[in-house]
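# Geometric and topological summary
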Amino acid sequence: MAQASKTNKPRKNSAYQNLMSIHWWMFNCYIIIFLVGCFMSRLPREAFGRNLLYDFHKSLGVLAMALLTWRILTLLQVWWKKYTKRLPKYSFKWMQKVALHTSLYIFMWAVPISGFFFSNSFKSNNVRFFGLTLPDLFPQNSDLVDLGRNIHFWLAYTFLAFIILHAIDQFKVVKGFWRRISKRKTKPS
């Protein structure tokens, strides 16, 4: 009897669980990146700790790129396991989800790359990953600093809009997430 009820539950493979784990790590990373980015960009140049915030912001951007690479590899593994068994039903809703998720992946790549472009245009060798200096992806060019700043700004806020669309699309998941967080807050220590 216990065996029959166990088989009725939807089974989630470890690749899917890894994908969701990476999803939440990236979610936390991007929340911190957005908050730090908004705060530090408003600080005057001479403000104490401003450069440390920029280094932290850039380090998290590099970490997000590493997590994105891991996530894409895991996603390919999930897709392989899922779609080698049966092809998806190509409905309008399925195409909408694919378009939204593809857009999110493009932004997850484009926003940090635009940050590299902005940073490298401003000054050579100034992107560090928690103290480790990374090679430049773009040449230093002070004429492109404003362009880099604008591209990074607009891509970041467009990405945020797509994240909000994703949260609306996944309302049940978001509702469950908030329920779990509020239970943690009300639990006695």
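In this text the structure is predicted, and so the values were computed from the model without any measurement. (Residues numbered from 1 in each chain as written. Predicted model: local features only at pLDDT ≥ 70, side-chain atom pairs only at ≥ 80, totals over all residues. Heavy atoms only, no water.)

Scanning the model with the defined rule gives 11 aromatic pairs in all. Ring geometry for F34 versus F159: centroids 6.0 Å apart, planes at 40°, classification tilted. Of this pair, F34 sits in helix α2 (residues 14-41) while F159 sits in helix α5 (residues 145-169); the two residues are 125 residues apart in sequence, bridging distant segments of the chain. Look at F34 and you get buried, because its relative accessible area is 15%. Ring centres of F56 and F130 lie 6.5 Å apart, and the angle between their planes is 65°; this geometry places the pair in the edge-to-face category. (Phe/Tyr/Trp six-rings, centres within 6.5 Å; stacked < 30°, edge-to-face > 60°. Helix = DSSP H or I, 4+ residues; strand = E, 2+ residues; numbered from the N terminus. Buried < 20%, exposed > 50% of the residue type's maximum accessible area, 1.4 Å probe, protein only.)

Right, let's talk about the side chain of S114 for a bit. By the element assignment, S114 lies in helix α4 (residues 92-122). Excluding anything up to four places from it in sequence, S114 contacts G148, I151, H152 and L155. (Contact = heavy atoms within 4.5 Å.)

Together, K172, K175, R179, R180, K183, R184 and K187 line one region of the surface with positive charge. Within the element layout of this structure, R180 appears in helix α6 (residues 171-186). The class of R180 is partly exposed, set by a relative accessible area of 46%. (Patch = residues over 30% accessible without salt bridge, like charges linked within 9 Å, V, L, I, M, F, W, Y side chains within 5 Å. Areas by Shrake-Rupley, 256 points an atom, 1.4 Å probe, with all protein chains shown as cover. Salt bridge = Lys/Arg side-chain N within 4 Å of Asp/Glu carboxyl O. Lys, Arg positive; Asp, Glu negative; His and termini not counted. Charge placed at Lys NZ, Arg CZ, Asp CG, Glu CD.)

Looking now at the UniProt feature "domain: Cytochrome b561 bacterial/Ni-hydrogenase" (unreviewed entry) in the protein. UniProt records the feature "domain: Cytochrome b561 bacterial/Ni-hydrogenase" (unreviewed entry) at residues 20-167, using the numbering of this structure. In residues 20-167, the share of helix is 74% and the share of strand is 3%. The end C-alpha atoms are 15 Å apart. (UniProt positions renumbered as here; feature names shortened; annotations may be inferred.)

Take the packing of α2 against α5 next. Two elements in contact, α2 and α5, have axes separated by 12 Å at closest approach and are oriented at 135°. With respect to each other, α2 and α5 are oriented oblique. Here α2 and α5 pass one another in a crossing that is left-handed. Across the interface between the two elements, H23, Y30, F34 and C38 of α2 pack against A156, Y157, F159, L160, I163 and H166 of α5. Of the residues in the contact of α2 with α5, the class split is 8 nonpolar, 2 polar and no charged. (Axes fitted to C-alpha atoms, helices over the stretch in contact; angles between N-to-C directions. Parallel < 35°, antiparallel > 145°, perpendicular 65-115°, else oblique. Left-handed = near helix turned anticlockwise from the far one by under 90°. Nonpolar A, V, L, I, M, F, W, Y, C, P; charged D, E, K, R; others polar.)

A separate point is the packing of α2 against helix α3 (residues 50-83). A pair of packed helices is characterised by two quantities: the angle between their axes and the separation of those axes. Relative orientation of the contacting elements α2 and α3 amounts to 160°, with a least axis distance of 9 Å. Regarding the angle of α2 to α3, the classification is roughly antiparallel. In the packing of α2 onto α3, the handedness of the crossing is left-handed. Taken together, the residues of the contact of α2 with α3 sort by class into 24 nonpolar, 8 polar and 3 charged.

Here we take up the UniProt feature "transmembrane region" (unreviewed entry) in the protein. When the UniProt feature table is mapped onto this chain, "transmembrane region" (unreviewed entry) is found at residues 21-40, 60-78, 98-118 and 151-174. In residues 98-118, helix accounts for 100% and strand for 0%; the two terminal C-alpha atoms are 30 Å from one another.

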